[in-house]
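# Examining the three-dimensional arrangement
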Amino acid sequence: MGIKTSNEKFFDRVEKGINDSFMRKAVVEAQGRLEGRKTQTTEELGNWEDWRDLAEEIRQHTLENLDYYLEQFVENVSNQGGHVFFAETAEEANEYITSVVKDKKAKNIIKSKSMVTEEIGMNGALEEIGCNVVESDLGEWILQLDDHDPPSHIVVPALHKNKEQIRDTFKVKRQYDKSSDPTELALFAREQLRKDFLAAEVGITGCNFAVAESGSITLVTNEGNARMSTTLPKTQITVMGMERIVPTWKELDILVSMLCRSAVGQKLTSYITGLTAAKEEGDVDGPEEFHVVIIDNGRSKILGTKFQSTLQCIRCAACINVCPVYRHVGGHSYGSIYPGPIGAVLTPLLEGYDDYKELPYASTLCAACTEACPVKIPLHELLIEHRKDIVEEAGKTSFAEKLAMKGYAFAMSNPGVYRIGSKAAPSVIGPIAKGGEGKGPGPVKLWTQIRDLPEPTGESFRKWFEGRDKKGDKS
Amino acid sequence: MKVSLFLTCLADVVYPASVGRSTVEILERLGCEVDFPKKQTCCGQPAFNSGFHKESREVAKHMIKTFESAEYVVSPSGSCTSMLHEYEKLFEDDLEWQVKAKELAKKSYELTQFIVDVLKIEDVGAEFNGNVTYHTSCHMTRLLGVKEAPMKLLENVKGLKFTELPFKQQCCGFGGTFSVKMVPISEQMVNEKVHHIEETEAEVLIGADLGCLMNIGGRIDRQGKSVKVMHIAEILNSRGEAG
Ligand code: SF4
């Protein structure tokens, strides 16, 4: 699939999202539930702001020394018999992964949830060589069955679907004949997936954090599917973004705890899986062969820039769960597998502005995201940085807007001009203030499409203040 | 105490005298000497938030000069005050102006913040009779970090029947240029806000930022609803009026 999920135009996607009442209801419910639980578990923990400072520090330190920790990690994986491949691009990653699969003559692949494999479009690459790739995360499995519907949330990928829609998908695609009761649906999925787990020759996972000091990878799930994907198949391939490193288990402890609380409002999820190397003599389960594919795909370009803090992200979706724009337009409106505030910042960095120039503007800069982020990424400030680059470097702003901003700056730094403008304002606003639908000059026309303006009644402040000064009636 | 009023362009150009007048009258009643530097314009936020930082630097310099000799700068807007605090970011490569920007930030306060934190007053002796609710604007709470001050002051207004706004932390959909660049999204956001305001059955929605109030009030008017929108300065300056 890759990062891009749609060829439609931004505003067409937004309109679709706004008109999808099922999705919007689901999003409002999910935001309420996830945000509520997050607040509760972070309050329980106490000193949340101190924890955020600590998490930020850990992430910053790791990024500042990323080459060191990556090397340490790679060395530790290799020393324990694992294979590491560093992929600069998505293509390189897919080439390596397909070559491993071909080498094993594998046909059946089981996957646990991973955003980075979506990012590189791995499933498509494997399907092209004739593999049967099965997503084992329930949400991802539903989307896969539903003709590869793109995810709309990074933690709850099928968030936009309600249980009736899921039942219908199961019915059409897998002859399901039971109700839309979530327990029944989950049981059915479990039965179906069991066969795939047993048949899989290769298991592919993502990686929440890789621990440099031991060469381990860790996975955070609630369904336990990551364990099934890593214990049954003979070959395991773990795909990770190059920034997903922690120095030691001590930092892992802190970040995992914050990830679980921020993402789903749990102290810990049901399963936190730590895996080190392939199966050794005496081990009862685990893969015989272990590969780690470390993905760059544009990340090293972000390192060392004003956007570096974006790489601190631990993909918890807390920013998405509080975003008032996401709330109304849903994940698909962003046109990227990374939606919401983090998506609006990250997607243009990875993919450029051509297809995503609207995303940095799809925010009121209310800063709810920045406040929610457990690793303190200044998301709303980074959106302004994007806007700055769009204006200054990418040259993607319209001539009209540039002109308007020049005029604005001129008027606002020349009080005489400002005064002329403000004296004229009432006569412009007056006639269109009430019910002037889509009337008025320039941006005012856009304003009045949906709102009235305050009626310019009575004297202006300046007049009042001057009059008072003259009378000398200051109380 | 000498206070220079930064009125904000909305209160200056778009709104009638009331918000500025109330601000002046409250401050004077609380013992401040208020002056109004006539050369003031806008905080520069429209350009800053749109990424036009060269342009917002020009505006910032003008504002810094305008308020250079002020002892305190007080503004009836959380958002515009927070913009004054952002100026130093505009001058990262210009030490001279960066120092000046910092000086301005240090002495700049939002109105309720100034009353509670600097004047140390929580009861301004106001009386307003009516059912009200309060919209917490995002920049005031999250960027400027002023959360308690307006509530403390409202608690002491006689006659006020206060109902908390559900989902009060949610943005109203104004966002400056967002409101005209992203009209369909802004519309959904403000609709939800108006819906929650109606749930409180308040007759008056109070706010501390005219941007939000212009957005919410404009939508309420367009929908032909009867909730009135008032700035917190107008409430704090009331002497027994009804909503
Ligand atoms: S940006 Fe912050 S809040 Fe958003 S997903 Fe990443 S870590 Fe979580």
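As the structure is a computational prediction, the values presented were derived from the model and not from experiment. (Residues numbered from 1 in each chain as written. Chains lettered and ligands numbered in written order. Predicted model: local features only at pLDDT ≥ 70, side-chain atom pairs only at ≥ 80, totals over all residues. Heavy atoms only, no water.)

### Here we look at the overall build of chain B
Assigned secondary structure in chain B consists of 13 helices and 9 strands. In summary, chain B has a C-alpha radius of gyration of 17 Å against a globular reference of 18 Å for 243 residues, a match within 12%. Taken over the C-alpha atoms alone, chain B extends approximately 50 × 45 × 25 Å along its principal axes. Across the 243 residues in chain B, those meeting the buried criterion constitute 64%. For chain B, the proportion of contacts with a sequence separation of at least 24, taken over those separated by at least 6, is 79%. Accessible surface, chain B: about 8,700 Å² in total, of which carbon and sulfur atoms supply 47%. (Helix = DSSP H or I, 4+ residues; strand = E, 2+ residues; numbered from the N terminus. Rg over C-alpha atoms; globule rule 2.2 N^0.38 Å. Buried < 20%, exposed > 50% of the residue type's maximum accessible area, 1.4 Å probe, protein only. Contact = heavy atoms within 4.5 Å. Areas by Shrake-Rupley, 256 points an atom, 1.4 Å probe, with all protein chains shown as cover.)

### Topic: the sheet that holds strand β3 (residues 72-75) of chain B
Residue and element names in this part refer to chain B. The 4 strands lie next to each other as β2-β1-β3-β4, forming an open sheet whose pairing is parallel. Single-partner strands in this sheet number two, and they are β2 (33-35) and β4 (108-110). Across the sheet, the mean angle separating the axes of adjacent strands is 35 degrees when strand polarity is ignored. Sheet topology places strand β1 (residues 2-5) next to β2; 3 bridges connect them, and they run parallel. Pairing of Ser4 across the sheet is with Asp35, part of β2. (Pairing = 2+ DSSP bridges. Axes fitted to C-alpha atoms, helices over the stretch in contact; angles between N-to-C directions.)

### Examining the UniProt feature "domain: Lactate utilization protein B C-terminal" (unreviewed entry) in chain A
If you check UniProt for "domain: Lactate utilization protein B C-terminal" (unreviewed entry), the listed places come out as residues 385-468 of chain A in our numbering. Across residues 385-468 of chain A, helical content stands at 67% and strand content at 0%; the span's end C-alpha atoms are separated by 44 Å. (UniProt positions renumbered as here; feature names shortened; annotations may be inferred.)

### A word on the sheet that holds strand β9 (residues 271-276) of chain A
All names here are of chain A. As summarised here, the arrangement of the 4 strands in space is β8-β5-β6-β9, forming an open sheet in which the pairing is mixed. Pairing within the sheet leaves two strands with one partner each, and these edge strands are β8 (245-246) and β9. As paired elements, strand β5 (residues 209-211) and β8 share 2 bridges and run parallel to each other. Each bridged residue has a counterpart across the sheet, and for Val211 the counterpart in β8 is Val246.

### What about helix α18 (residues 379-394) of chain A?
Those residues of α18(A) that fall on the buried side of the exposure criterion are A:Leu379, A:His380, A:Leu382, A:Leu383, A:Ile384, A:Glu385, A:His386, A:Arg387, A:Asp389, A:Ile390 and A:Val391. Check the buried side of α18(A) and you find it contacts α14 (318-322), α16 (340-351) and α17 (368-372) of chain A together with α3 (45-49), α4 (53-66) and α8 (138-143) of chain B. Remark: A:Gly395 follows α18(A) within two positions and exhibits a positive phi of approximately 60 degrees.

### Concerning the domain arrangement of chain A
Along its sequence, chain A is organised into domain 1 (65-297) and domain 2 (399-471). Summarising the inter-unit geometry, the C-alpha centres of domain 1 of chain A and domain 2 of chain A are found 56 Å apart. (Domains from an automatic or database assignment.)

### Some remarks on the UniProt feature "domain: Cysteine-rich" (unreviewed entry) in chain B
Residues and elements named next belong to chain B. Within the UniProt annotation, "domain: Cysteine-rich" (unreviewed entry) is assigned to residues 3-84 and 132-216. Measuring from the first to the last C-alpha atom of residues 3-84 gives 16 Å, for a span that is 54% helix and 12% strand. Secondary structure content for residues 132-216 is 49% helix and 15% strand, and the end C-alpha separation is 15 Å.

### Notes on the side chain of B:Asn215
With respect to the element layout, B:Asn215 can be found in helix α12 (residues 210-222). From its side chain, B:Asn215 meets the backbone oxygen of B:Cys172 in a polar contact 3.1 Å long. What B:Asn215 contacts, discounting residues up to four positions off in sequence, is A:Trp447, A:Arg451, B:Cys172, B:Gly173, B:Phe174, B:Ser186 and B:Val190. (Polar contact = N/O pair within 3.5 Å; in protein donor to acceptor, adjacent residues only side chain to side chain.)

### Focus on the packing of helix α5 (residues 78-90) of chain B against helix α6 (residues 95-106) of chain B
Residues and elements named next belong to chain B. Interhelical geometry of α5 versus α6 gives an angle of 165 degrees and a closest axis separation of 8 Å. Compared by their axis directions, α5 and α6 come out roughly antiparallel. Seen from above, α5 lies across α6 with left-handed handedness. For the pair α5 and α6, the contacting residues are Leu84, His85, Tyr87 and Glu88 in the first and Gln98, Ala101, Lys102, Leu104 and Ala105 in the second. Residues that form the contact of α5 with α6 fall into these classes: 5 nonpolar, 2 polar and 2 charged. (Parallel < 35°, antiparallel > 145°, perpendicular 65-115°, else oblique. Left-handed = near helix turned anticlockwise from the far one by under 90°. Nonpolar A, V, L, I, M, F, W, Y, C, P; charged D, E, K, R; others polar.)

### Quick word on the domain arrangement of chain B
All names here are of chain B. Here chain B is described as being made up of domain 1 (2-117) and domain 2 (123-242). Summarising the inter-unit geometry, the C-alpha centres of domain 1 and domain 2 are found 21 Å apart. Contact residues are listed per partner, giving 30 residues for domain 1 and 24 residues for domain 2. Taken together, the two surfaces of domain 1 and domain 2 that pack against each other cover about 2,200 Å², and 67% of this comes from carbon and sulfur. Scanning the region where domain 1 abuts domain 2 turns up 0 salt bridges. The tally of links between domain 1 and domain 2 comes to 10 residue pairs in polar contact (both at pLDDT 80 or more). For the side of domain 1 that touches domain 2, the elements supplying multiple residues, two or more each, are α1 (9-14), α2 (18-29), α3, α5 and α7 (111-118). Per-element accounting of the side of domain 1 that touches domain 2 gives the leading share, 7 residues, to α2. (Buried area = accessible area lost by both parts, 1.4 Å probe. Salt bridge = Lys/Arg side-chain N within 4 Å of Asp/Glu carboxyl O.)

### Structural notes on the interface of chain B and chain A
The interface is formed by 69 residues belonging to chain B together with 69 residues belonging to chain A. Across the interface of chain B and chain A, roughly 6,000 Å² is buried in total on both sides, 63% from carbon and sulfur atoms. Interface area lost by chain B to chain A is led by B:Phe52, B:Arg142 and B:Arg222, which between them contribute 12%. Taken together, chain B and chain A are joined by 10 salt bridges. Between A:Glu381 and B:Lys89 there is a salt bridge; the shortest N-O distance is 3.3 Å.

### Regarding the pairing of strand β8 (residues 228-231) of chain B
Residues and elements named next belong to chain B. Judged from the 4 bridges that link them, strand β7 (residues 204-207) and β8 form a sheet pairing that is parallel. Within β8, the residue paired with Gly207 across the bridge is His231. After leaving β7, the chain enters α12 and then returns to the sheet as β8, a path that is right-handed. (Right-handed = clockwise from strand over helix to strand, strands pointing away.)

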